Amino acid sequence: MTDCIFCKIAGGEFNTPFIVETEDYVAFRDINPKADTHVLVVPKKHYDSLNELDDEIILGKLLGGVKRVAAELGLKSYKTVINTGKDAGQEVFHLHIHVLSGNIKGV
Ligand code: AMP
Ligand code: ZN
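About the thresholds
- Residues numbered from 1 in each chain as written.
- Chains lettered and ligands numbered in written order.
- Predicted model: local features only at pLDDT ≥ 70, side-chain atom pairs only at ≥ 80, totals over all residues.
- Heavy atoms only, no water.
- Pairing = 2+ DSSP bridges.
- Helix = DSSP H or I, 4+ residues; strand = E, 2+ residues; numbered from the N terminus.
- Contact = heavy atoms within 4.5 Å.
- Axes fitted to C-alpha atoms, helices over the stretch in contact; angles between N-to-C directions.
- Donors = N, O, S within 2.8 Å, 3.2 Å for Na, K, Ca; no water.
- Tetrahedral: all angles 85-135°; square planar, octahedral: opposite > 155°, others 65-115°.
- Buried < 20%, exposed > 50% of the residue type's maximum accessible area, 1.4 Å probe, protein only.
- Salt bridge = Lys/Arg side-chain N within 4 Å of Asp/Glu carboxyl O.

(A) Quick look at the sheet that holds strand β1 (residues 20-21). Strand order in the open sheet formed by 5 strands is β1-β2-β3-β5-β4, and the pairing between neighbours is antiparallel. With partners counted over all chains shown, the strands left at the sheet margins are β1 and β4 (79-81), one partner each. Here strand β3 (residues 37-43) runs beside strand β5 (residues 97-101); their pairing, made up of 5 bridges, is antiparallel. By the bridge assignment, H38 is partnered in β5 with L100. Contacts from helix α2 (residues 56-73) reach β1, β2 (25-29), β3, β4 and β5, with the element oriented near 150 degrees to β3.

The structure is reproduced here in structure tokens:
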């Protein structure tokens, strides 16, 4: 998707620092953090949301990415969130998992 901001970030277009990168996903800090630490784990392949995901293997990999972010940043306690659909608060229509830790304000 050429006009998708997360496709661009995941493709390295903005030289965003990645906390973790594999061939399948990247993890980077949320631009508008809702906790002391707020990271997004984002597949490199575009899916509008969890509803469009047709590859369950990638789900396991993304959760593995959450664990890797936690290990990398030394997070012992954290919350993971996936917003699916506008009414649930999804704003960016490229599947992503929020990782939140410390003074969580909610997403
Ligand atoms: P959601 O509401 O679940 O779709 O979450 C989208 C998240 O993406 C929000 O927390 C935004 O702050 C974050 N976001 C939007 N644009 C960017 C960006 N360019 N870089 C990093 N995070 C972003
Ligand atoms: Zn995308």
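Next comes the rest of the write-up.
(B) Representation of the coordination of the zinc ion (ligand 2) within the structure. For the zinc ion (ligand 2), the protein coordination sphere consists of C4 (SG), C7 (SG), H46 (ND1) and H94 (ND1), at 2.0 to 2.3 Å. Around the zinc ion (ligand 2), the 4 donor atoms sit at angles spanning 104 to 117 degrees, and that spread fits a shape best called tetrahedral. For the zinc ion (ligand 2), all donor residues lie on one chain, and their spacing in sequence is C-x2-C-x38-H-x47-H. Taken together, the residues span a long stretch of sequence, with H46 in the loop between β3 and α2 and H94 in the loop between β4 and β5 at a distance of 48 residues. Just as H46 is buried, H94 falls in that class too.

(C) Highlighting the pattern of salt bridges. All chains considered together, the criterion is met by 3 salt bridges. Taking the shortest distance from any N to any O, the salt bridge between K44 and E21 comes out at 2.8 Å. Residue K44 is located in the loop between β3 and α2, and its partner E21 is located in strand β1; the two are separated by 23 residues in the primary sequence. Between K34 and D30 there is a salt bridge, with the nearest N and O atoms lying 4.0 Å from each other. Since its relative accessible area comes to 23%, K34 is described here as partly exposed.

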